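Summary of the model geometry
Spelled out, the chains give:
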Amino acid sequence: MSPRPIDAIANFVAGVIVRRPRVLIAALACSTLLAALVLAKHTTFDSDILNLLPPGELSVQGLRDYERGFAQSNELAFVLVWPEGAGTTDEHEEFRETFAARLLEQPWVLRVLSAQPLAGGDGGREIVVPLLLNLPPEEFQAALKKLDPLTMETRIARLAADVAAGSPQALFELENDPLGLGASALKPLWESMKVNRAFDLTSPDGLLHIVPCITRQTDSSPDGCKALMREVHAFVGGFGDETNPRILVTGRAAYVDEISTSMERDIKLTSVVSLFAVVGLFWLGFRRLWPLVGIAVLLVVSAVLATAFGGLLFGSLNVVAIGFCSILFGLGDDFSLLICQRYYHAADGGLNRHQAIAQALKLAGPGIFWVALTTAAGFLALCFAGSPGFRQLGALVAIGVLLATGIMLLMLPLFLHGKRPPTARDTAFLDFARHCHSQPLPLLGLGALLGLLGLILSLAPWRPLQFDLTPASLEPTRTPAAQALALMMSGFPDTFEPVIAVIQNPRPANLAAL
């Protein structure tokens, strides 16, 4: 009887493994070096949360158009937060002015907005005097203090310095309200019309101040954002006095820096933990050092090769998709356990190394191949998702599983030698298996009971299952930039929760209809 194709293939592969191990090791090393070169030269990692959202949605397209055409990626907002009862309003204003002045001296700062702009094209000069005379007594006295010669001299000098630095807001104030009386006169009008909410830089309780600035940042990549934020953190660190307010900073550069750092840390942590978990379980099962080293090396190589293929396929990989490593490590460990178990079983039966490897590949290979194929097909279904990040995740898992299958079947036997004599634990497992085979009803009853309990808990009305579908759930919530933005949104709800309409190719008829 002629041998089956699987027998011939397993015997041929086992012969190559036994007779040409150096060739296989050299091929694996060259592939790994080539993949590392691809990652270093041709692959970038994208940490922009917006790139996880479906690009075909009109709201996402409008947000992209707004950021590209109107929002400035080099804007930062510093948030000064005082605790309740700390200092007076004048002290807070004085610190904000000092902070803004020192901020403007930084080489990476282009402009600073240190006070709210006036509303109206000419500052409302024709109604300033009546409004000024109708101010409440305490506010009228505060406005008169601005006529003090030293106060006027200080204000004019500050405005002149801001104008010299290129601030259009300072130029506007210098031309329309050099003494600041117009701002004091118009303040009640703005409050009654709720217009000042769009421009105010101080919260109603006076404990939250915002100092926006425009930086000189030209590189909006993650590396460029990290470089800018290093300078920002060094500047903020100079205000470390306990008497000063807490200083937070937010903006695109801060978000990109913190989100990319957080995601990279999370991915490295989960990958390392999953790798140690799978090799630790292997050690508990087999207590063999070389196979354990081989599994760890081969899993890392599989992840590197899959990432390199993903980089060539997509160019820029979303860092969320790199989380495929944990899935890959779990499946790769399953494959290695099956191969090792089959090999040691054959070796314990008296077969030599060549025969034991061939037997392991013949018995475990088809099952591993079909599991990998079905798993890859299942994850490839994510390629139909609207989110680019999930499409990349599905493709990377599929590529990684198929690569890990070939690498484990071809390379893992290089680390398998000798026999594994049976232990008392193996005997206990065999006794348990025989007991379950002879008396399956208790085990089936326990499984049914646990399944029923899980069904009851999942359908329980007091704890309904909920899904968080908001894009904000994809962002790290504990980063300083996210906390600063949350404070700004809570202190200035009318300013930071707008509805923005983006009109492409605007025409008079479209604008009139809107």
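Thresholds applied
- Residues numbered from 1 in each chain as written.
- Predicted model: local features only at pLDDT ≥ 70, side-chain atom pairs only at ≥ 80, totals over all residues.
- Heavy atoms only, no water.
- Helix = DSSP H or I, 4+ residues; strand = E, 2+ residues; numbered from the N terminus.
- Buried < 20%, exposed > 50% of the residue type's maximum accessible area, 1.4 Å probe, protein only.
- Contact = heavy atoms within 4.5 Å.
- Areas by Shrake-Rupley, 256 points an atom, 1.4 Å probe, with all protein chains shown as cover.
- Salt bridge = Lys/Arg side-chain N within 4 Å of Asp/Glu carboxyl O.
- Phe/Tyr/Trp six-rings, centres within 6.5 Å; stacked < 30°, edge-to-face > 60°.
- Patch = residues over 30% accessible without salt bridge, like charges linked within 9 Å, V, L, I, M, F, W, Y side chains within 5 Å.
- pLDDT = per-residue confidence, 0-100.
- Pairing = 2+ DSSP bridges.
- Axes fitted to C-alpha atoms, helices over the stretch in contact; angles between N-to-C directions.
- Expected span 1.5 Å × (residues − 1).
- Arc of directions from axis to C-beta.
- Core = buried A, V, L, I, M, F, W, Y, C linked by side-chain atoms within 4.5 Å.
- Lys, Arg positive; Asp, Glu negative; His and termini not counted.
- Charge placed at Lys NZ, Arg CZ, Asp CG, Glu CD.
- Parallel < 35°, antiparallel > 145°, perpendicular 65-115°, else oblique.
- Left-handed = near helix turned anticlockwise from the far one by under 90°.

1. Thoughts on the overall build of the protein
- Secondary structure assignment for the protein yields 20 helices and six strands.
- For the protein, buried positions account for 37% of its 514 residues.
- Pairs at least 24 apart in sequence give 80% of the contacts found in the protein among residues at least 6 apart.
- A total of about 29,400 Å² of accessible surface is found on the protein, and carbon and sulfur atoms cover 65% of it.

2. What to know about the pattern of salt bridges
- Here the structure, examined in full by the defined rule, presents two salt bridges.
- Note that Arg96 is salt-bridged to Glu93, the shortest N-O span being 3.1 Å. Note that Arg96 and Glu93 are positioned in helix 4 (residues 89–104) at a spacing of three residues, about one turn of the helix.
- With a relative accessible area of 24%, Glu93 lands in the partly exposed category.

3. Description of the packing of aromatic side chains
- Applying the stated criterion to the full structure yields eight aromatic pairs.
- Judged by centre distance (6.0 Å) and plane angle (75°), the ring pair of Trp108 and Phe235 falls under edge-to-face. One end of the pair, Trp108, is in the loop between helix 4 and strand 3 (109–112); the other, Phe235, is in helix 10 (residues 222–237), and 127 residues separate them in sequence. With respect to burial, Trp108 and Phe235 carry one shared label: buried.
- Each member of the aromatic cluster is reached from another via a ring pair, and the members are Phe78, Trp82, Phe95, Phe99, Trp108 and Phe235.

4. A short note on a nonpolar patch on the surface
- Together, Leu281, Trp283, Leu284, Leu289, Trp290, Val293 and Val297 give the surface a local cluster of nonpolar side chains, amounting to about 710 Å² of exposed area.
- Among the secondary structure elements, those contributing two or more residues to the nonpolar patch are helix 11 (252–286) and helix 12 (289–314).
- Ranked by the residues each element gives to the nonpolar patch, the list is headed by helix 12, at four residues.
- Tracing the backbone shows Trp283 in helix 11.

5. Notes on the confidence of the model for the protein
- With 76% of its residues at a pLDDT of 70 or more, the protein shows a mean pLDDT of 76.
- For residues 117–124, every residue scores under 50 in pLDDT, and the model assigns this stretch 18 contacts once sequence neighbours within four places are set aside.
- Scored below 50 in pLDDT, residues 193–198 makes seven contacts in the model with residues more than four places away or belonging to other chains.

6. Here's the deal with the sheet that holds strand 3
- Overall, antiparallel pairing links the four strands, which are arranged 3-4-2-5 in an open sheet. Edge positions in the sheet fall to strand 3 and strand 5 (246–251), since each of these pairs with one other strand and no more. For this sheet, the mean inter-axis angle between neighbouring strands, taken without regard to orientation, is 30°.
- Where strand 3 lies against strand 4 (residues 208–215), three bridges are found, and the strand directions are antiparallel.

7. Comments concerning helix 7 (residues 149–164)
- Look at helix 7: 22 Å from first C-alpha to last across 16 residues, which is about the 22 Å you get at 1.5 Å a residue.
- All buried positions along helix 7 are accounted for by Arg155, Leu159 and Asp162. Mapping the buried residues of helix 7 onto a view down its axis gives an arc of 60°, with all of them on the same face. Away from its buried face, by an angle of more than 90 degrees, helix 7 presents the exposed residues Pro149, Leu150, Glu153, Thr154 and Ala164.

8. Focus on the nonpolar core
- By size, the foremost hydrophobic cluster in this structure holds 56 residues, and its most contacted members are Phe324 and Tyr343.
- The biggest single contributor to this core is helix 13 (residues 324–348), with twelve residues.
- With 31 residues, the next largest nonpolar core counts Ala100, Val112, Val256 and Met263 among its residues.

9. Describing a negative patch on the surface
- On the surface, Asp90, Glu91, Glu94 and Glu97 cluster together into a patch of negative charge.
- Structurally, Glu91 is set in helix 4.

10. As for the side chain of Thr250
- Structurally, Thr250 can be placed in strand 5.
- Sequence-distant contacts of Thr250, defined by excluding residues within four places in its chain, comprise Leu76, Ala77, Tyr255, Ala481, Ala484, Leu485 and Met488.

11. Observations concerning the packing of helix 13 against helix 14 (residues 353–380)
- It is at 8 Å that the axes of helix 13 and helix 14 come closest, and there the two elements cross at 155°. Looking at the two axes, helix 13 sits roughly antiparallel to helix 14. Where helix 13 crosses over helix 14, the two elements pack in a sense that is right-handed. Judged by residue contacts, Ile327, Leu331, Phe335, Leu338, Ile339, Arg342, Tyr343, Ala346 and Ala347 of helix 13 engage Arg353, Ala356, Ile357, Gln359, Ala360, Leu363, Ala364, Ile368, Val371, Ala372, Thr375 and Phe379 from helix 14.

12. Things to note about the environment of Leu80
- One can find Leu80 in strand 2 (residues 75–81).
- When the C-alpha atoms of Leu80 and Ile247 are compared, they prove to be 4.9 Å apart, with 167 residues separating the residues in sequence.
- Those residues in contact with Leu80 that lie beyond four places of it in its chain are Phe95, Arg96, Phe99, Leu207, Leu208, His209, Val211, Pro245, Arg246 and Ile247.

13. Overview of the environment of Met488
- Within the element layout of this structure, Met488 appears in helix 18 (residues 480–491).
- Placed 287 residues apart in sequence, Met488 and Leu201 show a C-alpha to C-alpha distance of 9.8 Å.

14. A word on the side chain of Thr375
- With respect to the helices, strands and loops of the structure, Thr375 is situated in helix 14.
- What Thr375 contacts, discounting residues up to four positions off in sequence, is Leu331 and Val401.

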